[in-house]
Structure formats: structure tokens, C-alpha cells
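An overview of the molecular structure
One-letter residues, chain by chain:
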Amino acid sequence: MRKKIYYILSTCSNLEATSGDRINEMNVIRALCINFDVYYNNILVDPTSSYFGSLDGQIEPPNQKYDLYYVRANKDLFLKLPSPKIWFVVPYVPECYAEADAVVCITSAWKDRMQALKHDFILQELMGIRDQEIVPGKKYITFPQVIDPIFFKNKDEDKIRFYKEQYASDFVCGHMGRLVKSNYPWHLEYASKNYIPNIDIKYIFYGPKNMDLPNHFHSMKKIPMHDVPEALSAFDISVTSSNNWTNLCGQLKVLEAAACGVPILTPHSLARYDDLGKDYPFYWNFSAETHNRIQNNDTDIFTREPCSSTSAKQPLIYRLLNKKVKYNREKSFSIFEKESNELGYLIKALYLDKSYREEISKSLMKQAKKHSVENISKILVEELSMVIK
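Bear in mind that the values here come from a model prediction, so they are computed numbers and not experimental data.

**Here we look at the overall build of the protein chain**
- What the protein chain contains, in helices and strands, is 16 helices and 15 strands.
- In terms of C-alpha radius of gyration, the protein chain reaches 23 Å, essentially the compact-globule figure of 21 Å for 389 residues.
- Once the C-alpha set of the protein chain is aligned to its principal axes, its extents read approximately 75 × 55 × 40 Å.
- When burial is assessed residue by residue, the protein chain has 53% of its 389 residues classed as buried.
- Sequence separation of at least 24 residues holds for 70% of the intrachain contacts in the protein chain that already meet a minimum separation of 6.
- With an accessible surface of roughly 19100 Å², the protein chain has 51% of that area assigned to carbon and sulfur atoms.

Spelled out as C-alpha cells, the structure:
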């Protein structure tokens, strides 16, 4: 007899593929459906459907007995439900943590850090915990991110060629999603100008922008989801930055690029080790110093000339009156410059050796299969065995 799961995301009466969070949620449900009967808002999920749940806009409390209740970000509903029930790690609600039979994390990196939540003030800040009692979860379980099956299907080679022609460059670095200051590739811009100026690299991204861009950065119009695997496969490389969230929960964009065999240059983090393995050769260093500059919108130092020529351009009065400030900014720029040069070196290695790029591509596609619907379904059975009797 298959176990039954009642499932609700926030106040969404139905789920459709309208955002990254919902797409991942739907794929988690598809993975669950292999071994469980999942009812989204009391309606049995057809995993092949384009939406789950009810289109009438109403959240329905359970209308039958379920073997498990999973509610995300809906405190009122969650507290009314019987056990066994599980709650997602954010938002942090002490009452929900106290009643949950388990708290769900996305990565093992996040799960491991939750063990010390009471004393991890950085994690508390990140999770938005303010002057609240810290109630530890009874158990922590992992629901890893799931790559949509369309990324594993055979790609349309004609469509890939079409996108390559659209990009109109011999070497393309791509990014799927919007471009803002917090995820802007500052290191790539600096490296392409100062470390690898002879490489004709074009930066392509899909999504809106809210800042001026250099000439070799190009915004593309939004494309339908079913075209994304081919548009992504037409990239030569992808470069990602990092922040406290992605260090904790990873990025689905990284996994999707891996599934398409696109080499990813991504910062070191425990979540990335979960996704790509510790021995992946194209991690690069992205320091807390640089991250804090970006988070505080103090990015003007990233557009300066190399360190050897900066001090001469600063007025003497600035150097005398602001010695400490100058030192801190020079230190930050020196770290950023070193990181950018490291990134440039990795890009150059991939640019010069196409056969090595193809070798990395095959390795990534193999690694990405760990996050397929089928493989994640096995992990979910094991994780839920600790909750469902």
C-alpha cells in the first residue's frame, strides 16, 4: 500500500512552473510521486501535468487521513495538522519547529549547520531570526534540489546551433536569470579586461537588468522553458558568484548547467561540494571580504585599475587623512584582483583546450544525474523513513 502525503506550499492553492522555487517544488513532488501518492491541496498529483492542485484559489485543509503532512510557510494551517508532519527550515517559526516531527533542509551543508543553530549567530541572521527563542528541530532531513527531466532529454542540435548563431561569438559565458549588483560577474569583467584581454569572450544572460553593462555583456529576451536546455547548451562556460544563501542551499542553475554539460566556474562552498563533488577542478576563491563589499553595495573598487597604479591616482590629502580607510579599500581590492586573476586563469584553461572542456562536460553530466527525479526519489524514501511509520 502506497503512503499518502498531503502537500502545501505557503498559500498557493496550485503550483505552476512560474518561478525557480515553484519549478523545484514541482520536481520534488514528481520525485515523491514515484513511491508515494502525493495530494497537493487534497488533489492527487499527476506528475505529468503542467500544474498541481486546485485553480479555484482556495487552500483546503485535509479531507482524509494522510500518512504525512508537509506544509511550507503556512503557520496557521501547519499548527492545526496532526502528526506526523514536517516543516521547511525557513521561515523559522518556533511553534512550528516545536511541533514538527522533522525539519526539511535542501542540502547536507544546511542540515549540518542546523545542529548548532542556537550558537550560530550568522546562521540566525541569515534565517531572519530576531529576538526569538531557539527551538531545535526534533530531526533534520534533506530534500535535495531536483533537476527538471527536460535537461536530461536528448538535445535538439539544430536548436543549439540556432542559439549559437544568436550569441554570435566563438566563446560565450552564459547566465540564466536576471542580472543585478548582487550577482553581477564583477570578477569576470575585471579578468576579461586585465588578465585575459586577448580572449574574445561574450557574456550572455537571460532576464531583466537594472544597471548599465559593458559592450561585451548582452541581455537576451525571455524564452520558453522548453527551449532553456538548448539555449544553455549553446554556452561554452558559465560563471557563478556566491552569497550566504547559495553557500547554504546551492543553486539549481548550477545543476542545470551541469546536466547540459556546460563547465561551471563556481566558488568553493559546502553546498557546491554536494552538487559537483569536492574534486571538481573549476572552483575558485570568493572571499567573505569581496562578498561583504557586494552585499553593502560598495562595488566601485571593482572597476579600478590594477593595484600598482591606484595609489598614484589618489590625492595626497586623501592618503594622509584617510590612511585607515585607504588601507582597507586597498586590501579589499587586492583580494578581489587576486580572485579575478584566478578566475581568468581557469577561463583561459577552458578556452585554450577544447578537448579538456569536452572531458569536463562529460563528467558534469554524469554528476548531475545524482539530482535526477529518479535518484532523488530514492533519497526521499530514505529520509522520510525517519518520519513515516
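More follows now that the structure is in view.
**A closer look at the layout of surface pockets**
- The calculated volume of the second largest pocket comes to roughly 460 Å³.
- Considering the residues around the second largest pocket, the lining is formed by 18 residues, among which Ser 233, Phe 235, Cys 260, Gly 261 and Ser 361 are closest to the centre.
- Elements that contribute at least two residues to the lining of the second largest pocket include exactly α6 (157-167) and α15 (354-368).
- For the lining of the second largest pocket, the leading source of residues is α15, giving six residues.

**Details of the packing of aromatic side chains**
- The final tally for this structure, using the stated rule, is 29 aromatic pairs.
- Relative to Tyr 163, the ring of Phe 162 lies with its centre 5.2 Å away and its plane at 75°, an arrangement referred to as edge-to-face.
- Owing to a relative accessible area of 41%, Phe 162 belongs among the partly exposed residues under this scheme.
- For Tyr 163, a relative accessible area of 5% translates into the label buried.

**Focus on the pairing of strand β11 (residues 202-206)**
- Counting buried positions over the five residues of β11 gives five, a clear majority of the element.
- Alternating positions in β11 separate into two faces, Lys 202, Ile 204 and Tyr 206 on one and Tyr 203 and Phe 205 on the other, with burial throughout.
- In this fold, the crossover linking strand β10 (residues 172-176) to β11 by way of helix α7 (residues 186-194) has right-handed handedness.
- Bridge analysis of β11 against strand β12 (residues 217-220) gives four bridges, and the strand direction is parallel. What sits directly across from Tyr 206, in β12, is Met 220.

**Examining the sheet that holds β10**
- Ordered in space as β12-β11-β10-β13-β14-β15, the six strands form an open sheet in which the pairing is parallel. The open sheet has two edge strands with one neighbour each: β12 and β15 (283-284).
- Those strands touched by α6 are β10, β11 and β12, and its axis lies near 120° from that of β11.

**Describing the environment of Asp 101**
- Mapped onto the elements, Asp 101 comes out in the loop between α3 (94-99) and β8 (102-105).
- Measuring from C-alpha to C-alpha, the distance between Asp 101 and Gly 137 comes to 7.8 Å, with 36 residues separating the pair along the chain.
- Setting aside residues up to four positions removed in sequence, Asp 101 forms contacts with Ser 83, Pro 84, Lys 85, Lys 138, Lys 139 and Val 387.
- Reaching out from Asp 101, the side chain makes a polar contact with the side chain of Ser 83 at a distance of 3.1 Å.

**Quick notes on the packing of helix α1 (residues 20-33) against helix α16 (residues 373-384)**
- The interhelical angle for the contact between α1 and α16, taken along N-to-C directions, is 75°, at an axis separation of 8 Å. Regarding the angle of α1 to α16, the classification is roughly perpendicular. Side by side, α1 and α16 meet where Asn 27, Val 28, Arg 30, Ala 31 and Leu 32 of the first sit next to Val 373, Ile 376, Ser 377, Leu 380 and Leu 384 of the second.
- Split into classes, the residues belonging to the contact of α1 with α16 amount to seven nonpolar, two polar and one charged.

**Quick word on helix α10 (residues 252-259)**
- Extensive coverage of α10 is indicated by the burial of seven of its eight residues.
- Of the surrounding secondary structure, the elements contacted by the buried residues of α10 are α1, α8 (228-233), β14 (264-267), α11 (270-276) and α15.
- Gly 261, located one to two residues past α10, shows a positive phi value of around 75°.

**Focus on the sheet that holds strand β9 (residues 140-142)**
- One open sheet holds the seven strands; their spatial order is β4-β3-β1-β6-β7-β8-β9, and the pairing between them is mixed. Across the chains shown, the open sheet's two edge strands, defined by having one partner strand only, are β4 (43-44) and β9.
- Looking at chain direction, strand β1 (residues 4-9) and strand β6 (residues 68-72) are connected through five bridges and run parallel. Across the sheet, residue Tyr 7 finds its bridge partner in β6, namely Tyr 70.
- Against the sheet, α1 engages β1, β3 (37-40) and β6, with an angle of about 180° to β1.
- Where α16 meets the sheet, its contacts fall on β1, β6, β7 (85-88) and β9, and the angle it forms with β9 comes to roughly 165°.

**Details of the state of the cysteines**
- One pass over the full model with this rule turns up zero disulfides.
- Here Cys 12 is not disulfide-linked; the sulfur of Cys 96 is the nearest cysteine sulfur, at 16 Å.
- Classification of Cys 12 by relative accessible area gives buried; the value is 11%.
- We note that Cys 33 lacks a disulfide partner, and the nearest cysteine sulfur, in Cys 12, lies 17 Å from it.

**What to know about the confidence of the model for the protein chain**
- A residue-level look at the protein chain finds 94% of positions with pLDDT of 70 or above and a mean pLDDT of 90.
- Below pLDDT 50 for its whole length, residues 308-325 participates in 15 contacts with residues either more than four positions away or in separate chains.

**Here's the deal with helix α12 (residues 288-295)**
- For α12, the complete set of buried residues consists of Thr 290, His 291, Arg 293 and Ile 294. When α12 is viewed along its axis, its buried side chains cluster within an angular range of 160° and face the same direction.
- Looking one or two residues beyond α12, the residue adopting positive phi is Asn 297, at roughly 60°.

Analysis parameters
Residues numbered from 1 in each chain as written. Predicted model: local features only at pLDDT ≥ 70, side-chain atom pairs only at ≥ 80, totals over all residues. Heavy atoms only, no water. Helix = DSSP H or I, 4+ residues; strand = E, 2+ residues; numbered from the N terminus. Rg over C-alpha atoms; globule rule 2.2 N^0.38 Å. Buried < 20%, exposed > 50% of the residue type's maximum accessible area, 1.4 Å probe, protein only. Contact = heavy atoms within 4.5 Å. Areas by Shrake-Rupley, 256 points an atom, 1.4 Å probe, with all protein chains shown as cover. 1 Å grid on protein atoms, 1.4 Å probe; cavity = no way out; pocket = protein on both sides within 12 Å on 5 of 7 lines; lining within 4 Å. Points joined across faces, edges and corners; volume = space filled by probe spheres on them. Phe/Tyr/Trp six-rings, centres within 6.5 Å; stacked < 30°, edge-to-face > 60°. Right-handed = clockwise from strand over helix to strand, strands pointing away. Pairing = 2+ DSSP bridges. Axes fitted to C-alpha atoms, helices over the stretch in contact; angles between N-to-C directions. Polar contact = N/O pair within 3.5 Å; in protein donor to acceptor, adjacent residues only side chain to side chain. Parallel < 35°, antiparallel > 145°, perpendicular 65-115°, else oblique. Nonpolar A, V, L, I, M, F, W, Y, C, P; charged D, E, K, R; others polar. Disulfide = S-S within 2.5 Å. pLDDT = per-residue confidence, 0-100. Arc of directions from axis to C-beta.

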